[in-house]
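# Coordinates in review
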Amino acid sequence: MKIHLLILFVLLPQFLFSQTRIIDMHVHSYSDSDFGEREPASDHYGMKGSATAEQHRQETFKAFEQFNIVKAMVSGNPESVINWAQKDNSNRVIKGILQFAPDSYGMDSVRFEQMVKDGDIEIFGELGPYYSGTTLSDPEWQPYLRICERYDIPVAVHTGGGDPLGTHTWAPKARLKLGDPYLIEDVLVNYPKLRIYMMHAGGEDWPEHAIRLMAYYPQLYTDLGVMLWVEPNTQRYITEFLKNIKHAGYLDRVMFGSDQMIWPYAIEKSIDFLNSLDFLTEEDKTGIFYDNAARFLKLE
Ligand SMILES: [Zn+2]
């Protein structure tokens, strides 16, 4: 009797949660120094973001727990990522670094390699060459990519456009044409062993280029970050993208991502929207929420 009860208590939670585990490949962290610096306080729907960087961390961690997010790729300034990792007692945080330019935070390849060796960078990204008027194929990014290939550090690169006000304010060199996934093609050719994924699946701008690139380069994955929630228009694009990539046969390289930025509620909203898509089977959804990212991350 006791043994039966024990089995029940040990197995029941695993059974309940085994269907709903989620890996979020696109989460952002902040510190007081940069909280709210880029994103406006209210989102497209008028929802206000968290009040402070610490409240934002707590609300995001709460969402991790509530929605059984077992792993989260967290990118932000290095200080914020280390802070999140220190406060994470469930081993959820995968340490990324948000870098828009090759020299963000005064970074260079020597310091970068040391951070990789120290375990302070586990994924190189989110990279946003688009925001600094560069592309990942430019010479300044190559020393980093060589290190990533050598240490088997995955790369996460922004594709598609960005905040429409960005070009007029904090990212004056951002241009829509720089979000074209084809601009990473040289990287795929020159570093064939590099693990790499697109963020935002080409955005509203380049979904067909994203699919074609994935068809041509079987090592390439994508996340769905921001597209699942930020505007009705991105939801429209990502719905078409998912239909098309399912038809094309590459859905097993699509990974869930929220890109909550300063709005932690976006995690739930993204999960709900993906779950609402009827043309995806339960197996498709399990793949997007967990299996595809687990394979990409070599978790099991
Ligand atoms: Zn992005």
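Preceding this section is the structure that the text describes.
Going along each chain's sequence as written, the residues are numbered from 1 onward. Local features in a predicted model are, by the rule used here, given only for residues with pLDDT of at least 70; side-chain atom pairs are given and counted only at 80 or more, and totals for whole chains, interfaces and linings are based on all residues.

### Focus on the sheet that holds strand S6 (residues 196–199)
The 5 strands lie next to each other as S4-S5-S6-S7-S8, forming an open sheet whose pairing is parallel. Strands with a single pairing partner mark the edges of an open sheet, and in this sheet they are strand S4 (124–127) and strand S8 (254–255). Two strands pair when backbone bridges link them, and strand S5 (residues 155–158) and S6 are joined in this way by 4 bridges, in the parallel orientation. Opposite valine 157, over in S6, you have methionine 198 as the bridge partner. Note on pairing: two strands pair once DSSP finds at least 2 bridges between them. The helix and strand labels rest on DSSP assignments: H or I over at least four residues marks a helix, E over at least two residues marks a strand, and numbering proceeds from the N terminus.

### Considering the environment of proline 139
Here proline 139 lies in the loop between S4 and helix H5 (142–151). Residue classification places proline 139 among the exposed residues on the basis of 8 C-beta atoms within 10 Å. Separated by 37 residues in sequence, proline 139 and proline 102 place their C-alpha atoms 9.7 Å apart. Burial is judged by counting other C-beta atoms within 10 Å of a residue's own C-beta: 20 or more means buried, 12 or fewer means exposed, and anything between counts as partly exposed, with every C-beta placed from the backbone.

### Quick word on the sheet that holds strand S2 (residues 69–75)
Strand order in the open sheet formed by 3 strands is S1-S2-S3, with parallel pairing between adjacent strands. The sheet is open, and its two edges are formed by strand S1 (22–28) and strand S3 (93–95), each paired on a single side. Put simply, the sheet's adjacent strands are angled 25 degrees from each other on average, direction ignored. One ladder, built from 3 bridges, connects S2 with S3; its direction is parallel. Bridging across to S3, methionine 73 finds its partner in isoleucine 94. Working convention: axes come from line fits to C-alpha atoms, limited for helices to the stretch in contact. Angles between N-to-C directions cover 0 to 180 degrees.

### Examining helix H3 (residues 78–87)
Because the α-helix completes a turn every 3.6 residues, residues three or four places apart line up on one side. Among the residues of H3, Pro78, Ser80, Val81 and Trp84 are the ones counted as buried. The buried residues of H3 all sit within an arc of 165 degrees when viewed along its axis, so they share a single face. In H3, those exposed residues whose orientation departs by more than 90 degrees from the buried face are Gln86 and Lys87. Any residue pair is listed as a contact if its two C-beta atoms, each placed from the backbone, are within 7 Å. In this structure, the buried residues of H3 make contact with helix H2 (53–66), S2 and S3. What the arc covers is the set of directions going from the helix axis to the C-beta atoms.

### Let's talk about the packing of helix H4 (residues 109–117) against H5
Contact pair H4 / H5: the axes reach a minimum separation of 10 Å and the direction vectors enclose 20 degrees. One finds that H4 runs roughly parallel with respect to H5. In the crossing of H4 with H5, the sense of the turn from one axis to the other is right-handed. Counted together, Ser109, Phe112, Glu113 and Val116 of H4 and Pro143, Tyr144, Ile147 and Tyr151 of H5 form the full contact between these two elements. Only Asp, Glu, Lys and Arg are considered charged in this grouping, and only Ala, Val, Leu, Ile, Met, Phe, Trp, Tyr, Cys and Pro are considered nonpolar; every other residue, Gly among them, is considered polar. Considered class by class, the residues forming the contact of H4 with H5 number 6 nonpolar, 1 polar and 1 charged. For this classification, under 35 degrees means roughly parallel, over 145 means roughly antiparallel, 65 to 115 means roughly perpendicular, and everything else is oblique. Helix crossings get a hand from a simple test, with the near helix turned counterclockwise from the far one by less than a right angle marking a left-handed crossing and a clockwise turn marking a right-handed one.

### Things to note about the nonpolar core
In this description, a nonpolar core means buried residues of the types Ala, Val, Leu, Ile, Met, Phe, Trp, Tyr and Cys, linked to one another by C-beta atoms lying within 7 Å. Counting 76 residues, the largest nonpolar core has Phe124, Val155, Ala156, Val157 and Phe256 as the members making the most contacts within it. What valine 155 contacts, discounting residues up to four positions off in sequence, is Phe124, Gly125, Leu127, Leu145, Cys148, Leu194, Arg195 and Ile196.

### Topic: the pairing of strand S7 (residues 220–223)
By the alternation rule, side chains of S7 split into Leu220 and Thr222 and Tyr221 and Asp223, which are all buried. One ladder, built from 3 bridges, connects S6 with S7; its direction is parallel. Bridge pairing in S7 places methionine 198 opposite threonine 222. Look down the strands so they point away from you; if going from the first strand over the helix to the second traces a clockwise path, that crossover is right-handed. A crossover links S6 with its parallel partner S7, the connecting element being helix H7 (residues 207–216), and its sense is right-handed. Sheet topology places S7 next to S8; 2 bridges connect them, and they run parallel.

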